[in-house]
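# Reading the structure
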Amino acid sequence: QMFFNALMKKGKGGGVDEQDMTSVVAIHNNMNETTWRQVLEWEDMHCDTCKEPRRLIRFLGRPDELSPKAALKYYLGLAPRPFDRHDWTVDRCGTEVRYIIDYYDVAEKRAEDRVPSQMHEKDAVPSIYCDVRPAGDSFEQLADRMRMMATSAFSQRAASNADVPRDAAREATEPSE
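Read on for a plain summary of the structure. (Residues numbered from 1 in each chain as written. Predicted model: local features only at pLDDT ≥ 70, side-chain atom pairs only at ≥ 80, totals over all residues. Heavy atoms only, no water.)

Our next topic: the nonpolar core. The nonpolar side chains of a soluble globular protein tend to be buried, and buried together. Grouped together as the largest cluster of nonpolar side chains are 15 residues, with contacts concentrated most on V39, W88, Y99, I101, Y103 and V132. Secondary-structure elements contributing two or more residues to this core are α2 (21-43), β2 (84-92), β3 (95-105) and β4 (128-134). Other than its neighbours up to four places away in sequence, Y103 contacts T35, P82, F83, D84, H86, W88, I128, Y129 and C130. One finds L66, A70, A71 and Y104 within the second-largest nonpolar core, a separate group that totals 5 residues. (Core = buried A, V, L, I, M, F, W, Y, C linked by side-chain atoms within 4.5 Å. Buried < 20%, exposed > 50% of the residue type's maximum accessible area, 1.4 Å probe, protein only. Helix = DSSP H or I, 4+ residues; strand = E, 2+ residues; numbered from the N terminus. Contact = heavy atoms within 4.5 Å.)

Quick look at the structure:
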């Protein structure tokens with residue numbers, strides 16, 4: 001009921017049926033948990049320096065503002081406009097770290113969506129893609145982005161090589177006669 005009232009108060013309740021709120025809240029909570037897991041993946045790069053649990057200090061919904069990355073991708077025609085943006089600020093051992101989250105609608109995966117039965121269900125809503133990253137407010141945050149990009153590229157390359165049978169991989173690298 002509170003979620004429905006908030007939507008109505010913000011003027012975003014047009015066409016929303018009050019009966020659907022249980023499903024909407026389940027999906028919303030699931031997406032928050034998905035986002036938090038992704039934030040923690042970034043935070044794990046600092047587990048040697050910060051043993052305390054991270055916690056969300058505050059968040060700000062900015063649905064009408066494009067992040068610089070989303071704007072670049074949108075205006076270059078590389079991605080659709082995200083349907084929402086949040087800025088989350090996390091406490092990392094006394095240091096505030098801001099994260100930018102862009103939420104995208106992946107229309108071709110909507111048929112795979114289902115109402116999550118629990119908040120931690122990872123694959124319940126594949127039609128929502130969360131792009132989570134540190135805001136880049138400091139050199140350390142920019143370095144984290146570079147490290148994650150390199151780690152991601154290495155992981156993808158390793159995964160694609162794992163799919164190739166050993167003999168085929170060796171043949172592909174050996175010079176032909």
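Turning next to a nonpolar patch on the surface. Together, L72, L76 and L78 give the surface a local cluster of nonpolar side chains, amounting to about 360 Å² of exposed area. Residue placement: L72 occurs in helix α3 (residues 68-75). (Patch = residues over 30% accessible without salt bridge, like charges linked within 9 Å, V, L, I, M, F, W, Y side chains within 5 Å. Areas by Shrake-Rupley, 256 points an atom, 1.4 Å probe, with all protein chains shown as cover. Salt bridge = Lys/Arg side-chain N within 4 Å of Asp/Glu carboxyl O.)

What follows deals with the sheet that holds strand β1 (residues 55-61). Across a sheet, strands are paired by hydrogen bonds formed along the backbone, either parallel or antiparallel in direction. Read across the sheet, 4 strands follow the order β1-β2-β3-β4 without closing on themselves; strand pairing throughout is antiparallel. Two strands close off the open sheet at either side, each with one partner strand: β1 and β4. Across this sheet, the average inter-strand angle for adjacent strands is 25°, counted without regard to direction. Relative to the sheet, α2 contacts β1, β2, β3 and β4, its axis offset from that of β4 by approximately 35°. (Pairing = 2+ DSSP bridges. Axes fitted to C-alpha atoms, helices over the stretch in contact; angles between N-to-C directions.)

This part covers unusual backbone geometry. For C93, which is not a glycine, the phi torsion comes out positive at approximately 55°. With respect to the helices, strands and loops of the structure, C93 is situated in the loop between β2 and β3.

Let us now look at the environment of C130. Its place among the elements puts C130 in strand β4. In sequence terms C130 and Y103 are 27 residues apart; their C-alpha atoms lie 4.8 Å from each other. Ignoring anything within four residues of it in the chain, the contact list for C130 reads M31, T34, T35, Q38, D102 and Y103.

A few words on the packing of aromatic side chains. Taken as a whole and assessed by the stated rule, the structure comprises 4 aromatic pairs. Measuring from ring centre to ring centre gives 6.4 Å for W36 and W88, while their planes differ by 35°; the resulting arrangement is tilted. Here W88 lies in strand β2 and W36 lies in helix α2, a separation of 52 residues in the sequence. For the pair Y104 and Y129, a centre-to-centre distance of 6.1 Å together with 35° between the ring planes defines the contact as tilted. Residue Y104 is found in strand β3, and its partner Y129 is found in strand β4; the two are separated by 25 residues along the sequence. On the basis of relative accessibility, which here comes to 44%, the residue Y129 falls in the partly exposed class. Here R81 stacks its cationic end above the ring of Y74, 5.8 Å away from the centre of that ring. (Phe/Tyr/Trp six-rings, centres within 6.5 Å; stacked < 30°, edge-to-face > 60°. Lys NZ or Arg CZ within 6 Å of the ring centre and 35° of its normal.)

Before going further, it helps to examine the side chain of Q141. Note that Q141 resides in helix α4 (residues 139-162). Separated by 3.4 Å, the side chain of Q141 and the backbone nitrogen of A135 make a polar contact. Looking at Q141, its side chain comes within polar contact range of the main-chain nitrogen of D137, at 2.8 Å. Setting aside chain neighbours within four positions, we find Q141 in contact with V97, R98, P134, A135 and G136. (Polar contact = N/O pair within 3.5 Å; in protein donor to acceptor, adjacent residues only side chain to side chain.)

Time to look at the pattern of salt bridges. In this structure the tally under the stated criterion is 14 salt bridges. Its salt-bridge partner being R55, residue D91 comes within 3.5 Å of it at the nearest N-O pair. With a gap of 36 residues between them, D91 in strand β2 and R55 in strand β1 connect regions that are remote in the sequence. Between R98 and D137 there is a salt bridge whose closest N-O contact spans 2.8 Å. Placement of the pair is R98 in strand β3 and D137 in the loop between β4 and α4, with a sequence separation of 39 residues.

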